[in-house]
Amino acid sequence: MIALRGPRVLLRLPQMADFEPWYTLRHSSRDFLRPFEPRWTEADLGRRVFVTRVKRAREEAEEGTDYSFFIFLADGQRETLVGGITLSNIRRRAAQFVNLGYWMGQQFAGQGLMSEAVGVSLPFIFDTLDLHRVHAAFLPGNTASRRVLEKNGFAEEGFAEKYLQINGRWEDHVLFGLTKERYEMDRYLRRV
């Protein structure tokens, strides 16, 4: 099983045993997440939906097309679910890119955990998967997402009108990207 580790966080694929913590975190963070995500209902938090999600995450990771990681605060022997990162729509051949998406439970927001988790995912993207570019998009008013991406070397690349359906409405998004060259230069500069 794939496990990516940072100083405070652990990223791994979801497991059936994660249902209760996932349900609790998503349910308690519903109002916090609603303005930033596609519309979802209580039925989307059901055990059957979760089982399908876990199976699909495993299959997609085996196929190398998508990776849906849960983010855990790793404190010794205890793991606390805090959010998730999705690497989706991996393209090969001439494109060599992936889309990055993420969510954080309300009580864990603003602690730098997502910045660390995104940073932990980058060596996997560029070194393990050997991709050339990462795309990310966020709502124009989402300054927390902007900070997460900027801290990890992403640069603003554009604006997409009515880009994604969020909470039932087509919303504009700011487009950010990170190339392997910029990532490697940032990594080099941190070492010197």
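The following refers to the structure shown.

Basis of the calculations
Residues numbered from 1 in each chain as written. Predicted model: local features only at pLDDT ≥ 70, side-chain atom pairs only at ≥ 80, totals over all residues. Heavy atoms only, no water. Helix = DSSP H or I, 4+ residues; strand = E, 2+ residues; numbered from the N terminus. Rg over C-alpha atoms; globule rule 2.2 N^0.38 Å. Buried < 20%, exposed > 50% of the residue type's maximum accessible area, 1.4 Å probe, protein only. Areas by Shrake-Rupley, 256 points an atom, 1.4 Å probe, with all protein chains shown as cover. Phe/Tyr/Trp six-rings, centres within 6.5 Å; stacked < 30°, edge-to-face > 60°. Pairing = 2+ DSSP bridges. Axes fitted to C-alpha atoms, helices over the stretch in contact; angles between N-to-C directions. Contact = heavy atoms within 4.5 Å. Parallel < 35°, antiparallel > 145°, perpendicular 65-115°, else oblique. Left-handed = near helix turned anticlockwise from the far one by under 90°. Nonpolar A, V, L, I, M, F, W, Y, C, P; charged D, E, K, R; others polar. Core = buried A, V, L, I, M, F, W, Y, C linked by side-chain atoms within 4.5 Å.

1. Observations concerning the overall build of the protein chain
Along its length, the protein chain carries six helices and eight strands. Reading the secondary structure of the protein chain in the N-to-C direction produces β-β-α-α-α-β-β-β-α-β-α-β-β-α. A globule of 192 residues ought to have a C-alpha radius of gyration of about 16 Å, and the protein chain, at 16 Å, matches this closely. Seen along its three principal axes, the alpha-carbon backbone of the protein chain occupies a region of about 45 × 40 × 35 Å. Looking at the protein chain as a whole, 41% of its 192 residues are labelled buried. Counting every atom, the protein chain has about 10600 Å² of accessible surface; 50% of that belongs to carbon and sulfur.

2. Section: the packing of aromatic side chains
One pass over the structure, following the stated rule, counts eleven aromatic pairs. For the ring pair Tyr-67 and Phe-124, a centre distance of 5.1 Å and an interplane angle of 85° mean the geometry is edge-to-face. Here Tyr-67, found in strand 3 (residues 67-75), pairs with Phe-124, found in helix 4 (residues 113-128); they are 57 residues apart in sequence, far enough to count as distant. Here Tyr-67 falls in the buried class, since its relative accessible area comes to 6%. What makes Phe-124 buried here is its relative accessible area of 6%.

3. Description of the sheet that holds strand 8 (residues 169-179)
Strand order in the open sheet formed by eight strands is 1-2-3-4-5-6-8-7, with mixed pairing between adjacent strands. The sheet terminates laterally at strand 1 (3-5) and strand 7 (155-166), the two strands that pair on one side only. Direction aside, neighbouring strands of the sheet carry axes that sit 30° apart on average. Bridge count for strand 6 (residues 133-138) against strand 8 is six bridges, and the pairing is antiparallel. Residue pairing for strand 8: His-135 is matched across the bridge by Gly-177. Its contacts with the sheet place helix 1 (residues 19-28) against strand 3, strand 4 (78-91) and strand 5 (97-104), and it is angled at close to 85° to strand 4.

4. Some points on the packing of helix 4 against helix 6 (residues 180-191)
The interhelical angle for the contact between helix 4 and helix 6, taken along N-to-C directions, is 120°, at an axis separation of 11 Å. Taken together, the axes of helix 4 and helix 6 are oblique relative to one another. Here helix 4 and helix 6 pass one another in a crossing that is left-handed. Two secondary-structure elements touch here, helix 4 through Leu-122, Pro-123, Phe-126 and Asp-127 and helix 6 through Lys-180, Tyr-183 and Arg-187. Its residues assigned to classes, the contact of helix 4 with helix 6 shows four nonpolar, no polar and three charged.

5. Looking at unusual backbone geometry
Positive phi is not limited to glycine here, since Asp-130 has a value of about 55°. Relative to the helices and strands, Asp-130 resides in the loop between helix 4 and strand 6. Relative accessible area serves as the criterion here: at 48%, Asp-130 is assigned to the partly exposed category.

6. Observations concerning the nonpolar core
Counting 50 residues, the largest nonpolar core has Leu-11, Ile-85, Leu-87, Leu-100 and Phe-154 as the members making the most contacts within it. With nine residues, the single largest contributor to this core is helix 4. Setting aside residues no more than four positions away along its own chain, Leu-100 makes contact with Ile-85, Thr-86, Leu-87, Val-118, Val-134, His-135, Ala-136, Leu-149 and Phe-154.

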